[in-house]
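Summary of the model geometry
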Amino acid sequence: MLKTLSRWRLGNQLLRAAAPSMRHASDAAEKSFAGPEDHSKKYVNPFSQAIPAAPATPAVIEESKEDREKRLKVLQLEVDIAHQEGRRVPALSFMQDHHWEHVLTLPTKSARIKYFAYLWQIEMKKESEQQKKAQRAEATEKRLAEVRKEREENTHIIYGLGHTSMFLRIYDSTINHWQNNRLTRAMQFAPKMVMDCSYDSHMNRREATYAAKQLMLCFAENRLNDEPFDLHFCNAQMEGSCMQGLKRFIPTMLNPEFPMNVHTQCFTELFPKQNLVYLTPHCREDLVTYNPDDVYIVGAMVDTMNNEPLSLAKAKRMGLRMARLPLDRYLQWGSGSGKSLTLNQMINIMLDLKNTGDWEAALKHVPRRKVVQDSEFQQRKERDQWSMGTRARKLNIRVDHLLDYVDDRRKASSFGTPKKLRERREGMEFQLDTWATGKQKKKQRNN
């Protein structure tokens, strides 16, 4: 048993020792059978598409120069006839030598027709451009002739684009940047003004839309003024319908570089409380003069349905000073017209009051339909005086007897005997018996 196991191990070792020499021999044999061309094996991607073999090129038939010229003349005649018939074929004058060389290489008639249609489109585009160019040149010549004629008639300098002008053209973007720069300067030096945007819960959707539009007009008209306010939109509820509508009108209002102050905080947190003045039409104190140190607050609310004094209640709750515009002092309101003003009208009134200090000039922004004109006001005044006089003439009370008892107040009472108002005439007694009979007798006489 041990002898057999030892023999098996010895044979296994001999086979392992002979394996490398056998492997090298087999590789050499394969190389000798494969030949010299299979020495370098290339990696083949199994997922790549096989390149189709190129078809065998037919034998090229050499064409003589005479046959070529004959075929060229036939093709030129074909193009000329087709062009005269109005087909989509270019004219012979448009065809160049390289075009004919390409036509001669086309094997079929359909290929030639497609190529001719392509050249015809190029020719039509060139003709169209030439016509437009000629029209522009004609219009330019006509305009220059008019300018020369105008300059001959006018000897002075003509300002404007295309003339002898010393001014540059100002674009809308330049004006926009300049107005934004003016607002930036107002943030540093101009008086402050606040729009209180905390009334979303008291407005329906329609009123909130109107309020957003009026706030947009407030910002625009304040920016157009030569000396604008530093306008602050406080208590802004960004998820509310009013602020969402304002964001649709001014999409860049929340950008840090845009000169618009939008705060979610209350105005009492931004400005000193002793300088705040709430403008509300429900208070009793009139705003007499404008104070640049005060910060005036306008409630951003459109109350077409709800006329409750919400701004008055808020100002009292916060302990702020209140004032109203002296509309009744300077204006005569028409009958049936409300005294409510829009937010942009309030801004315009305050801007003119700040710049001029004159209420009559500032209140010109009140719509004329709400105010009675001078002639109508005079007519109404005269009519009221006449009506008051008529009513006074109809009164039957005399007070002159009260003046005779100045010393004795006890006698000067309503129980004193006044003087007679009318004198009684003789024969004026009313007779009931003869009153009806007299009328009947008169009717009978007339019949």
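Our structure is the block above this text.
First, a word on what this report is: a plain description of the structure on this page. (Residues numbered from 1 in each chain as written. Predicted model: local features only at pLDDT ≥ 70, side-chain atom pairs only at ≥ 80, totals over all residues. Heavy atoms only, no water.)

Remarks on the overall build of the chain
Scanning the chain from N- to C-terminus turns up 13 helices and six strands. Looking at the chain as a whole, 29% of its 447 residues are labelled buried. Within the chain, contacts between residues separated by at least 24 positions form 71% of all contacts whose residues are at least 6 apart in sequence. Counting only carbon and sulfur atoms, one obtains 54% of the accessible surface of the chain, whose full area is about 34,400 Å². (Helix = DSSP H or I, 4+ residues; strand = E, 2+ residues; numbered from the N terminus. Buried < 20%, exposed > 50% of the residue type's maximum accessible area, 1.4 Å probe, protein only. Contact = heavy atoms within 4.5 Å. Areas by Shrake-Rupley, 256 points an atom, 1.4 Å probe, with all protein chains shown as cover.)

Let's talk about the environment of phenylalanine 233
When you line up the elements, phenylalanine 233 lands in strand S2 (residues 230-234). The spacing of phenylalanine 233 and methionine 193 is 40 residues in sequence and 8.8 Å in space, taken between C-alpha atoms. With sequence-adjacent residues up to four places away left out, phenylalanine 233 is seen in contact with Met195, Cys197, Leu215, Phe219, Met260, Asn261, Val262 and His263.

A look at the packing of aromatic side chains
Per the counting criterion, the structure on display carries five aromatic pairs. A centroid spacing of 6.2 Å and a plane angle of 65° characterise the contact between phenylalanine 267 and tyrosine 278, whose relative ring orientation is edge-to-face. Taken together, the residues phenylalanine 267 in the loop between strand S3 (261-262) and strand S4 (276-279) and tyrosine 278 in strand S4 connect sequence positions 11 residues apart. Members of the aromatic cluster, joined through ring pairs, are Phe229, Tyr290 and Tyr296. (Phe/Tyr/Trp six-rings, centres within 6.5 Å; stacked < 30°, edge-to-face > 60°.)

Here's the deal with the sheet that holds S2
Ordered in space as S3-S2-S1-S5-S4-S6, the six strands form an open sheet in which the pairing is parallel. Sheet topology places S3 and strand S6 (321-323) at the edges, where each strand pairs with a single neighbour. Taken together, the five bridges between strand S1 (residues 192-196) and S2 define a ladder with parallel strand orientation. Counted as the bridge partner of valine 194 is histidine 232 from S2. Across the face of the sheet, helix H6 (residues 205-224) comes into contact with S1 and S2 while running at roughly 165° to S2. (Pairing = 2+ DSSP bridges. Axes fitted to C-alpha atoms, helices over the stretch in contact; angles between N-to-C directions.)

Side note on the side chain of asparagine 261
Within the secondary structure layout, asparagine 261 lies in strand S3. Relative accessible area serves as the criterion here: at 14%, asparagine 261 is assigned to the buried category. For asparagine 261, the side chain forms a polar contact with the side chain of aspartate 230, separated by 2.9 Å. Asparagine 261 has contacts with Met187, Asp230, Leu231, His232 and Phe233, leaving out every residue within four places of it along the chain. (Polar contact = N/O pair within 3.5 Å; in protein donor to acceptor, adjacent residues only side chain to side chain.)

Regarding helix H2 (residues 65-84)
In this model H2 runs 29 Å from its N-terminal to its C-terminal C-alpha over 20 residues, within 8% of the 28 Å that 1.5 Å per residue would give. Here H2 has its buried residues at Leu75, Val79 and Ala82. Buried residues of H2 fall within an arc of 70° about the axis and therefore sit on the same side. H2 presents Glu66, Lys70, Lys73, Val74, Leu77 and Gln84 as exposed residues on the side facing more than 90 degrees away from its buried surface. Those residues of H2 that are buried are in contact with helix H3 (97-105) and helix H4 (109-153). Once H2 ends, the next one or two residues include glycine 86, with phi positive near 85°. (Expected span 1.5 Å × (residues − 1). Arc of directions from axis to C-beta.)

Remember that the coordinates give geometry; whether it matters functionally is a separate question.
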